[in-house]
Amino acid sequence: MTDGKLLIIQKELAKPVEEMSIIDLVGALIEYAYTSRASDVHIQPFEDEIKVRLRIDGILHDIFVLPKKIQSEIITRIKVLASLRTDEHQAAQDGRFRISLKKPEINFDVRVSIIPTYYGENTILRILAEQAQISDLKGLGFRSKDLIKLEKAIKKPYGMILATGPTGCGKTTTLYTVLKSLNSRDVSIITIEDPIEYSLEGISQIQINIKTGLTFADGLRSILRQDPNILMVGEIRDHETAGIAVNAALTGHLLLSTLHTNDAATALPRLIDLGTQPFLISSTVNIIIAQRLVRMICEECRTEKTLTDTEAKSLSEMLPQATKGKLYKKFFVGKGCKKCFQSGYYSRIGIHEILEINDEIRSMIMGRANASEIKEAAIKMGMTTMIEDGFQKALKGTTTIEEILRVIHE
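Residues numbered from 1 in each chain as written. Predicted model: local features only at pLDDT ≥ 70, side-chain atom pairs only at ≥ 80, totals over all residues. Heavy atoms only, no water.

## Quick look at the packing of aromatic side chains
Tallying each qualifying case throughout the model produces five aromatic pairs. Ring geometry for Phe-331 against Phe-391: centres 6.0 Å apart, planes inclined by 65°, an arrangement best described as edge-to-face. With Phe-331 in strand S14 (residues 330-334) and Phe-391 in helix H15 (residues 386-396), this residue pair connects regions lying 60 residues apart in the sequence. No difference in accessibility class separates Phe-331 from Phe-391, as the two residues are buried. Among the aromatic residues, those joined into a ring-pair cluster are Tyr-328, Phe-331 and Phe-391. Sitting over the ring of Tyr-346, Arg-37 keeps its end group 3.8 Å from the ring centre. A cation over an aromatic ring shows up here: Arg-302 above the ring of Phe-332, its NZ or CZ 5.9 Å from the ring centre. (Phe/Tyr/Trp six-rings, centres within 6.5 Å; stacked < 30°, edge-to-face > 60°. Helix = DSSP H or I, 4+ residues; strand = E, 2+ residues; numbered from the N terminus. Buried < 20%, exposed > 50% of the residue type's maximum accessible area, 1.4 Å probe, protein only. Lys NZ or Arg CZ within 6 Å of the ring centre and 35° of its normal.)

Here it is as structure tokens:
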């Protein structure tokens, strides 16, 4: 199907500008992006052309160049699909629309963000292909011992489960997967999100709306009056939301949320920075998941790679925590093939560290220990760091050492 949509795009681009079908071109671009496993389509204007870039497995690729003359028609078509104002060109606009494919028979949402730039409106389309994203906890790449910790935490009737990491590291997908495993007819689950990325059957999902005053904090207050068992808050980003979330977890609710921190241990001081008292944090947080996404080696073109003594020694020096002074030489790479667009990678998997809050960690929180001290104590108690998890996946041939270094050092 990818080849078919590529031919449609090439056929339209070969026509004179006045004969192009903008409707067919935009439709083919979106379907081509979907079948290419792209998460985002960047339609970026320049002085003399428009570049279309696809983000595949987290990496942007230049795919098409469109003539500058059809810029306004392309953007107008996208605005019509997303029910946005076609006469507004100087303000940012956000919307979404739904695409229905016949072959394969599938529906997916496209989230639209348009913002004015020097050379015209820059447009980003986020493809929300929920069928491909949400599987089960085992499919997310957790180590067996970490999966046991997570499954134990989500069975608790109250407390907080936090996912941390930078934007685009898969935090929301992890929490959606947890919600999917908890979803049953004998519990009430309500979420408040910005935006709602995937619709989950049987779960009440609320989209925040700043214009109407529906913020994370105000929405969370209202949700608590709806008698839920389980809550998900898209992000804890301010003092008010943190306070209400902690109190909700303290009063018999299981609450899931995200924080923007680099690792699991840093989430604890971050909550204190947001004004939450240490005794409340130690009483409510059950588990913290820190994660990144790494590209997986394409199975069609995976091949073994042996490092030289010098390379192995250099690797040991770069990743002392993971290698523990040993010299590892046997790894794997992808040579590149048609399936992976010659990149050597196909799809992504998570690398994780899971911080389980036990009595010792609670004492450290009460004593206002810093993130480094908490992390060091957790490692002594058996916590696997993200670097170690990634290194083990590289040894098994799931990903490459280069990919682990790229993600960890970003």
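## A few points about the packing of helix H2 (residues 22-35) against helix H3 (residues 71-81)
Running from amino to carboxyl end, H2 crosses H3 at an angle of 70°, the nearest separation of the two axes being 10 Å. When the axis of H2 is compared with that of H3, the two are roughly perpendicular. Contacts from Ile-22, Ile-23, Leu-25 and Val-26 of H2 reach H3 at Glu-73, Ile-74, Arg-77, Ile-78 and Leu-81. Grouping the amino acids of the contact of H2 with H3 by side-chain chemistry returns seven nonpolar, no polar and two charged. (Axes fitted to C-alpha atoms, helices over the stretch in contact; angles between N-to-C directions. Parallel < 35°, antiparallel > 145°, perpendicular 65-115°, else oblique. Contact = heavy atoms within 4.5 Å. Nonpolar A, V, L, I, M, F, W, Y, C, P; charged D, E, K, R; others polar.)

## Let's talk about unusual backbone geometry
In the segment running from Asp-194 into Pro-195, the intervening peptide bond is cis, with an omega of 0°. Relative to the elements of secondary structure, Pro-195 occurs in the loop between strand S8 (189-193) and strand S9 (204-207). One non-glycine residue, Phe-341, lies in positive phi territory at about 55°. Assignment of secondary structure puts Phe-341 in the loop between S14 and strand S15 (345-356).

## Section: the state of the cysteines
Tallied over the entire structure, the rule returns zero disulfides. Here Cys-301 stays free of any disulfide, with the sulfur of Cys-337 as its closest cysteine sulfur at 3.8 Å. (Disulfide = S-S within 2.5 Å.)

## Considering the pairing of strand S6 (residues 120-128)
When a strand is regular, its side chains alternate between the sheet's two faces. As paired strands, strand S1 (residues 38-45) and S6 are joined by four bridges and run antiparallel to one another. Each residue of the ladder has a partner; that of Val-41, found in S6, is Leu-125. Relative to S6, strand S5 (residues 106-117) is paired through nine bridges, and the arrangement is antiparallel. Note on S6: the bridge partner recorded for Val-112 is Leu-125. Taken together, S5 and the strand that follows it, S6, pair antiparallel across an intervening segment of two residues. (Pairing = 2+ DSSP bridges.)

## So, the sheet that holds strand S4 (residues 93-101)
Pairing is antiparallel in the open sheet, where six strands are placed in the order S3-S2-S1-S6-S5-S4. Bordering the open sheet on either side are strand S3 (59-67) and S4, each of which pairs with just one other strand. Direction aside, the axes of adjacent strands within the sheet are offset by 20° on average. Bridge count for strand S2 (residues 49-56) against S3 is eight bridges, and the pairing is antiparallel. Note on S3: the bridge partner recorded for Ile-50 is Leu-66. H3 rests against S1, S2, S3, S4, S5 and S6 of the sheet, and its axis sits at about 45° to S6.

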